Amino acid sequence: MKEKLEQILKDAEKEINCAASVQCLENVKIKYLSRKGELNTIKKNLKDLSDEDKRVIGSLANNISNQLEQMLEAKNEELYKIELNKKLLEEKIDLTLPSDYTPQGKVHPLTQTINEIVEIFQGLGFSVMPSEYSPEVETEYINFDMLNFPPEHPAKDMQDTFYTKTAPNVILRSQTSGAQIRQMLNQKPPVRVISPGRVYRCEAVSARKNNLFHQIEGLLVDKDITFGDLKGILNEFVRIYFGSARPTRFRASYFPFTEPSAEVDVQCIMCGGKGCRTCSGTGWLEVLGSGMVHANVLKNVGIDPEIYSGFAFGMGVERLTMLKYAINDIRLFFNNDIRFLRQF
């Protein structure tokens, strides 16, 4: 048995020296030092020997185990360093090389404009209207009747408004102005809110018009509000959004829910006011409609027009984006052309 132990030591030492990897070394360890390894097999048979042989053979087996563990540990450290250096060499990175370009998505230009406009009006003291007050699927009563539209108004025609089959007189809203009705029904003055959203109209799609577009509605109702307050707010918005150098004008207009009413135009950035296809040769582009809230609208929501007054405005997000970034076709916002979107 003594000779067998010495042969195990000799064989194990040879295999340890020949091991080419940490995994090979682990296999050698399992072969000789595991519970089912050759040394433990001999130790299990010590019970069949005499007391003297147990002492001699047991001591020798323990010494061989200790020697093998020391050799395995030393060889493992050597192989680990070799494999680590090899891995570091293979995974070496040249920090002077340019990195790989990874394309990233960006915020859509319309969303950028909405966020910018909301931020401007929040700075002017307005808050964003709760979304439940501004649904895209609306009743004709809220979209038209409560806003002082007469029964025969052409905007109610099928040619201008999308009527749904959900229920009688249920439509896709044609303007965000209906949101001000819900806001005033749920909040008594003072009211100072804006409401961004999508609207739908039966329009012939062209460079200037689409049947789906975005508006931002604004409403301020309080005591002693005048048209001067309206002009001050809108002039400040134009100054911040476009810069003070962009010419603007207020034009008298008509909206059933405001009186007096005005449209605000901004000089066309495409032609500098000389006239082009984008502005239909006028040199100006309308960006928003506005006016003092009609007394009938205030009465419809239970607000006394003798005590309170207010103004409302609605602006087209696409128009504002086109003006700011010199975009000459509204359809570009909806075509998902990566060459266009990448510019933003």
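Before any of the text, the structure's been laid out above.
This report concerns the structure included in the present document. No experiment lies behind these values; they were computed from the predicted model shown.

Here we take up the overall build of the chain. The secondary structure content of the chain amounts to 11 helices and 10 strands. Over its C-alpha atoms the chain spans a radius of gyration of 41 Å, topping by over 25% the 20 Å that the globule rule assigns to 344 residues. Along the three orthogonal principal directions, the C-alpha set of the chain runs to about 120 × 45 × 40 Å. Restricting to contacts in the chain with at least 6 residues of sequence separation, those with at least 24 account for 68%. Here the chain holds 43 positive side-chain charges and 45 negative ones, and the gap between their average locations is 3 Å.

On to the packing of aromatic side chains. This model, assessed by the stated rule, comprises 13 aromatic pairs. Ring centres of Phe121 and Phe126 lie 5.5 Å apart, and the angle between their planes is 85 degrees; this geometry places the pair in the edge-to-face category. Phe121 sits in the buried class, given a relative accessible area of 0%. Their ring planes at 75 degrees and their centres at 5.9 Å tell us that Phe333 and Phe340 sit as a pair that is edge-to-face. As far as the burial class goes, Phe333 and Phe340 line up, both buried. Through pairs of rings, three or more aromatic residues link up here, namely Phe121, Phe126, Phe237, Tyr241, Phe242, Phe311 and Phe313. Here Arg192 stacks its cationic end above the ring of Phe126, 4.9 Å away from the centre of that ring. Here the guanidinium or amino end of Lys231 rests over the ring plane of Phe250, the centre of that ring lying 5.0 Å away.

Let us look at the pattern of salt bridges. Applying the stated criterion to the full structure yields 12 salt bridges. For the salt bridge of Glu263 with Arg251, the shortest nitrogen-to-oxygen distance reads 2.5 Å. Placement of Glu263 in strand E8 (residues 258-267) and of Arg251 in strand E7 (residues 248-255) is noted, with a sequence separation of 12 residues between them. Judged by its relative accessible area of 29%, Arg251 falls in the partly exposed class. Residue Arg251 is joined to Asp265 by a salt bridge in which the shortest nitrogen-to-oxygen separation is 2.4 Å.

On to helix H10 (residues 317-325), then. Of all nine residues in H10, seven are buried, a share of seventy percent or more. Among the residues of H10, those classed as buried are Val317, Glu318, Arg319, Leu320, Thr321, Met322 and Leu323. Buried residues along H10 sit against helix H5 (109-123), strand E6 (212-222), helix H8 (227-242), E8, strand E9 (284-293) and strand E10 (309-316).

Bringing the sheet that holds strand E3 (residues 162-163) into the picture now. Pairing is antiparallel across the open sheet formed by three strands, whose spatial order is E2-E4-E3. Because the sheet does not close on itself, it has two edges, and the strands there are strand E2 (137-139) and E3. Pairing of E3 with strand E4 (residues 170-172) involves two bridges; the strand directions are antiparallel. Bridge pairing in E4 links Tyr163 to Ile171.

Okay, the pairing of E7 next. Pairing analysis gives seven bridges linking E7 to E8, with the strands arranged antiparallel. Bridged to Arg249 within E8 is Asp265. Connecting E7 to the next strand, E8, in antiparallel fashion are two residues.

Attention now moves to the environment of Met322. You can see Met322 is positioned in helix H10. Along the chain, Met322 and Glu259 lie 63 residues apart, while their C-alpha atoms are 29 Å from each other. When neighbours within four sequence positions are excluded, Met322 is seen to be in contact with Ala207, Ile269, Thr278, Ile327, Asn328, Asp329, Ile330 and Phe333.

What counts, and where the lines are drawn
- Residues numbered from 1 in each chain as written.
- Predicted model: local features only at pLDDT ≥ 70, side-chain atom pairs only at ≥ 80, totals over all residues.
- Heavy atoms only, no water.
- Helix = DSSP H or I, 4+ residues; strand = E, 2+ residues; numbered from the N terminus.
- Rg over C-alpha atoms; globule rule 2.2 N^0.38 Å.
- Contact = heavy atoms within 4.5 Å.
- Lys, Arg positive; Asp, Glu negative; His and termini not counted.
- Charge placed at Lys NZ, Arg CZ, Asp CG, Glu CD.
- Phe/Tyr/Trp six-rings, centres within 6.5 Å; stacked < 30°, edge-to-face > 60°.
- Buried < 20%, exposed > 50% of the residue type's maximum accessible area, 1.4 Å probe, protein only.
- Lys NZ or Arg CZ within 6 Å of the ring centre and 35° of its normal.
- Salt bridge = Lys/Arg side-chain N within 4 Å of Asp/Glu carboxyl O.
- Pairing = 2+ DSSP bridges.

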